[in-house]
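Structural description and commentary
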Amino acid sequence: GESVGLHLPTLSVQEGDNSIINCAYSNSASDYFIWYKQESGKGPQFIIDIRSNMDKRQGQRVTVLLNKTVKHLSLQIAATQPGDSAVYFCAEDSYNQGGKLIFGQGTELSVKP
Amino acid sequence: DSGVTQTPKHLITATGQRVTLRCSPRSGDLSVYWYQQSLDQGLQFLIHYYNGEERAKGNILERFSAQQFPDLHSELNLSSLELGDSALYFCASSVGAGGQETQYFGPGTRLLVL
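Described below are features of the structure shown in this document. (Residues numbered from 1 in each chain as written. Chains lettered and ligands numbered in written order. Predicted model: local features only at pLDDT ≥ 70, side-chain atom pairs only at ≥ 80, totals over all residues. Heavy atoms only, no water.)

Points about the state of the cysteines
Residue and element names in this part refer to chain B. Scanning the model with the defined rule gives 2 disulfides over all chains in all. Between Cys23 and Cys91 runs a disulfide, and the two sulfur atoms are separated by 1.7 Å. With Cys23 in strand β3 (residues 19–24) and Cys91 in strand β9 (residues 87–94), this pair connects stretches of sequence that are 68 residues apart. Like Cys91, Cys23 is buried. (Disulfide = S-S within 2.5 Å. Helix = DSSP H or I, 4+ residues; strand = E, 2+ residues; numbered from the N terminus. Buried < 20%, exposed > 50% of the residue type's maximum accessible area, 1.4 Å probe, protein only.)

In structure tokens:
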């Protein structure tokens, strides 16, 4: 049917809870993955990345998990805060793609105080 | 603040017109990428320049063109504008030639074609 706009999946959490945002990536040759946060009216902001030779990477309050077998990424945010409310995108890349990031559709995270 | 700058922030124009969007990469970055974000297509890669040379093209329309200048800033030219070109246009930069590099995004240019 005719597209009338992307309907983003929405995750609503209580302040202080942990959040898990999931992403299925498309290209089995992708070997580099990035999570971005986009607040309303702003550009995507880098959060964390992971290469395909790893299955877990931790940052400050964030953890990314990579499951190459099922082509799945997740972003875990600990102790979610109202300032974490935004749309979160995963993006995939590969060495031979030369920087052509392929973005997922995004997930809207809403944090209730 | 990512260090990537884009001008103008907003642009309103009419169908059939031509506009130029400008991007300055982070200091030291040699690659510039352009992306389009629309409501129905999400974030889509348009084109990548590295040190003045075109490196990769996405689904960029023939009405659109870009270039990267010796000072490494880049311009995206959109011509014969149509209503469907209304979107957010983002520029990103990275330090090297791309591939397994973090791309840092600018604040975007919001284009409205009336």
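Text resumes after the structure shown.
Things to note about the pairing of strand β4 (residues 31–38) of chain B
Residues and elements named next belong to chain B. Counting buried positions along β4 yields 8 of 8 residues, so the element is predominantly enclosed. With burial as the criterion, each face of β4 is covered, one bearing Ser31, Tyr33, Tyr35 and Gln37 and the other bearing Val32, Trp34, Gln36 and Ser38. Bridge analysis of β4 against strand β5 (residues 42–50) gives 8 bridges, and the strand direction is antiparallel. Bridge pairing in β5 links Tyr33 to His48. Following β4, the chain reverses through 3 residues before pairing antiparallel with β5. Where β4 lies against β9, 7 bridges are found, and the strand directions are antiparallel. Directly across from Tyr35, in β9, lies its bridge partner Phe90. (Pairing = 2+ DSSP bridges.)

Function cannot be inferred from these measures alone, as they are strictly geometric.
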